[in-house]
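# Structure at a glance
Chain by chain, the residues:
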Amino acid sequence: MATKAASAHPAPKPTDLSAMAHSEAHYFNSYNHHGIHEEMLKDEVRTKSYRDSIYQNPHIFKDKIVLDVGCGTAILSMFAVKAGAKHVIGVDMSTIIEKAKEIVEVNGMSDKITLLQGKMEEVKLPFPKVDIIISEWMGYFLLYESMMDTVLYARDQYLVEGGLIFPDKATIFLAGIEDGDYKEEKIGFWDNVWGFDYSPLKKTALTEPLVDTVDFKAVVTDPAPVITFDLYTVTAADLAFSIPYELTVRRNDFVHAVIAWFDIEFSKCHKPIKFSTGPHTKYTHWKQTVFYLQDVLTVEEGEKITGTLENKPSEKNHRDLDIKISYTLHTEDMHRQATGEGVYKMC
Ligand code: SAH
């Protein structure tokens, strides 16, 4: 899904959302506009991985009842029909589903796809159970806007024993980067604004992770997988976690920030399909998430940076995230030893 890109478009007037909390309304309204769906459909890595995982497995989809959680324009529903599904139910709260109905109609699939407007957690499905769940639920930093909860709800409520989830694995990675110039431009800027000390805003700027593409050449450490979610077994409670990580430094350089990205896997296919949203591979609309550190670490090849990555949905708005990254540079050079903790909010 295309989190936040929504803010690039003026939010259309709320439709039937008056009863919902304002933030929920804002979230669903952001998916009303076709622009956000255009961005996702044009994301080749994303859409092609879903298409391949479905088209390459007609033996899995044939004659199955499929649930498309957050169907948007119904692209995944139509892939499933082409792969031989008996019937697909697409659910989306956003008004884009009206267009999805027209799209399904002009593609001659209306008898195979039932589209329901509503919250996944509230709609009544025409089938008591489904064989396969397909969903594109991933946000920035994987978990921002927390649509995974919704997929887990659908799994627990509707998936038959032994049913399949596409995709079924997601892993968050971390790495350290050199980003002196940009950090200076974004964070250092507040040290002197037209001759005044703006450091209170510097603290705020440091708490905001930046979603941006990171040049692979800026990566100074090996990437480290930190946590893998198995969609068959994960629970909503597991989305609050505190996990240790260890990064090995690849070259003598500086570390200004830690970046995060995620990989996605469709493992229950004939031939498993994976894609990555990391800096080493093709662009995706998720880019990477940059967490600037208070310190600049001066690092040498072979040294280790260790710490913990902590994440929890925010108490005020469960779609926002409170993230903490602690770090210690292990070096025999006491002048370069450093330890600290960054506190971030994705909202
Ligand atoms: N499946 C489409 C759209 C993915 S974007 C595609 O791959 O292109 C995620 C969609 O999920 C959005 O359209 C959003 O409105 C919908 N969504 C998110 N949470 C939902 C919920 N709880 N109930 C219904 N729809 C939801």
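It should be noted that the structure appears before, not after, this text.
Residues numbered from 1 in each chain as written. Predicted model: local features only at pLDDT ≥ 70, side-chain atom pairs only at ≥ 80, totals over all residues. Heavy atoms only, no water.

### A short note on the overall build of the protein
Convention followed: A run of H or I in DSSP becomes a helix once it reaches four residues, and a run of E becomes a strand once it reaches two; helices and strands are each numbered from the N terminus. What the globule rule says is 2.2 Å times the number of residues to the power 0.38, and the radius of gyration is computed from C-alpha atoms. Per-residue accessibility, obtained with a 1.4 Å probe over protein chains only, is compared with the maximum for each type, and a residue is labelled buried under 20%, exposed over 50%, and partly exposed between these values.
A count of helical and extended segments in the protein gives nine helices and 15 strands. A compact globule built from 347 residues should have a C-alpha radius of gyration of about 20 Å, and the protein, at 22 Å, falls within 12% of that. Projected onto its principal axes, the C-alpha coordinates of the protein cover approximately 70 × 45 × 30 Å. Here the protein holds 347 residues, and 54% of them are scored as buried.

### A look at the nonpolar core
Just so we agree on the cut-off: Among the buried residues, those of types Ala, Val, Leu, Ile, Met, Phe, Trp, Tyr and Cys that are joined through side-chain atoms within 4.5 Å form a nonpolar core. By the convention used here, residues are in contact when the closest approach between their heavy atoms is within 4.5 Å.
With 98 residues, the main nonpolar core has F61, L67, L142, F229 and I305 as its most contacted residues. The greatest single-element share of this core, amounting to six residues, is contributed by strand β10 (residues 253–266). Beyond its immediate chain neighbours, meaning those up to four positions away, F61 contacts S53, I54, V66, A80, A83, G84, A85, K86, I132, I134 and F166.

### Topic: the site of the ligand
Counted only if it meets this: If a single non-hydrogen atom of a residue is within 4 Å of a molecule or strand, that residue counts as near it. Pairs of N or O atoms are called polar contacts if they sit within 3.5 Å, as long as, within protein, a hydrogen donor faces a hydrogen acceptor (for residues adjacent in sequence, only side-chain-to-side-chain pairs). Throughout, the Shrake-Rupley method with a 1.4 Å probe supplies accessible areas, and for residues the shown protein chains are the sole cover considered.
Around the ligand sit 22 residues, and of these R46, G70, D92, M120 and E121 come closest. In this structure, M93 approaches the ligand through a main-chain N or O atom, which is 3.2 Å from a nitrogen atom. The backbone of M120 places a nitrogen or oxygen atom 2.9 Å from a nitrogen atom of the ligand. The protein chains hide 100% of the 570 Å² of surface that the ligand would expose on its own. Mapped by element, the contributors of at least two residues to the shell around the ligand are α1 (22–29), α2 (34–42) and α5 (75–82).

### Digging into the packing of aromatic side chains
Cut-off, in case you're wondering: For this analysis, a ring pair means two rings from Phe, Tyr or Trp (six-membered ring only for Trp) whose centres lie within 6.5 Å, classed as stacked if their planes differ by under 30 degrees, edge-to-face if by over 60, and tilted for the remaining angles.
In total, this model carries 14 aromatic pairs according to the counting rule given. Here F291 and Y344 contribute two aromatic rings whose centre-to-centre distance is 5.0 Å and whose plane-to-plane angle is 75 degrees, an arrangement assigned as edge-to-face. Placement of F291 in strand β12 (residues 288–299) and of Y344 in strand β15 (residues 338–346) is noted, with a sequence separation of 53 residues between them. F291 gets classed as buried once you look at its relative accessible area, which sits at 0%. Given the relative accessible area of 3%, Y344 is considered buried.

### A closer look at a nonpolar patch on the surface
As a reminder, the rule being used: In this scheme, patches are assembled from residues that exceed 30% relative accessible area and form no salt bridge. Like charges are connected within 9 Å, while nonpolar side chains (Val, Leu, Ile, Met, Phe, Trp, Tyr) are connected within 5 Å. By convention in these notes, a salt bridge is any Lys or Arg side-chain nitrogen within 4 Å of a carboxyl oxygen on Asp or Glu.
A grouping of W194, F196, Y198 and L201 is seen on the molecular surface, where their side chains present a nonpolar patch of about 530 Å² in accessible area. Of note, Y198 is situated in the loop between α8 (180–186) and α9 (199–207). Given a relative accessible area of 34%, Y198 falls into the partly exposed group.

### Brief notes about the sheet that holds strand β13 (residues 304–313)
As a reminder of what qualifies: Pairing between strands requires that DSSP locate at least two bridges from one strand to the other. Axes here refer to lines fitted to C-alpha atoms; in helices the fit is confined to the stretch in contact. Angles between the N-to-C directions go from 0 to 180 degrees.
As summarised here, the arrangement of the four strands in space is β9-β13-β14-β15, forming an open sheet in which the pairing is antiparallel. The open sheet has two free edges, formed respectively by β9 (241–248) and β15, since each of these has just one partner strand. Strand-to-strand twist of the sheet, defined as the mean angle between neighbouring strand axes without regard to direction, takes the value 15 degrees. Relative to β13, β9 runs antiparallel, the two sharing eight bridges.

### Looking at α2
Side chains three or four residues apart in an α-helix point the same way, a direct result of the helix having 3.6 residues per turn. Of all the positions in α2, only G35, I36, H37 and M40 are classed as buried. Of the surrounding elements, those touching the buried residues of α2 are α3 (44–55) and α6 (96–106).

### Some remarks on the packing of α3 against α5
To keep things clear, this is the line we draw: Each angle receives one of four descriptions, namely roughly parallel if under 35 degrees, roughly antiparallel if over 145, roughly perpendicular if within 65 to 115, and oblique otherwise. Left-handed describes a crossing whose near helix is turned anticlockwise from the far helix by less than a right angle; the clockwise case is right-handed.
Contact pair α3 / α5: the axes reach a minimum separation of 9 Å and the direction vectors enclose 25 degrees. Between α3 and α5, the angle is such that the two are roughly parallel. Between α3 and α5 lies a crossing of right-handed hand. On α5, the residues that touch R46, T47, Y50, R51, I54 and Y55 of α3 are I75, L76, F79, A80 and K82.

### Brief notes about the packing of α2 against α3
Orientation of α2 relative to α3, taken along the N-to-C sense of each, is 70 degrees, at an axis distance of 5 Å. Taken as axis vectors, α2 and α3 run roughly perpendicular relative to one another. Taken together, the residues of α3 that come into contact with α2 (itself represented by M40, L41 and K42) are E44, R46 and T47.

### Some remarks on the environment of L321
Looking at where L321 falls in the secondary structure, it is placed in strand β14 (residues 321–330). Residue class for L321 comes out buried when judged on its relative accessible area of 0%. As for L321 and A257, which are separated by 64 residues in sequence, their C-alpha atoms are 18 Å apart. Leaving out residues up to four positions away in the same chain, L321 has contacts with F141, L143, Y144, S146, N311, K312, P313, S314, Y344, K345 and M346.

Bear in mind that shape data such as this cannot, by itself, settle questions of function.
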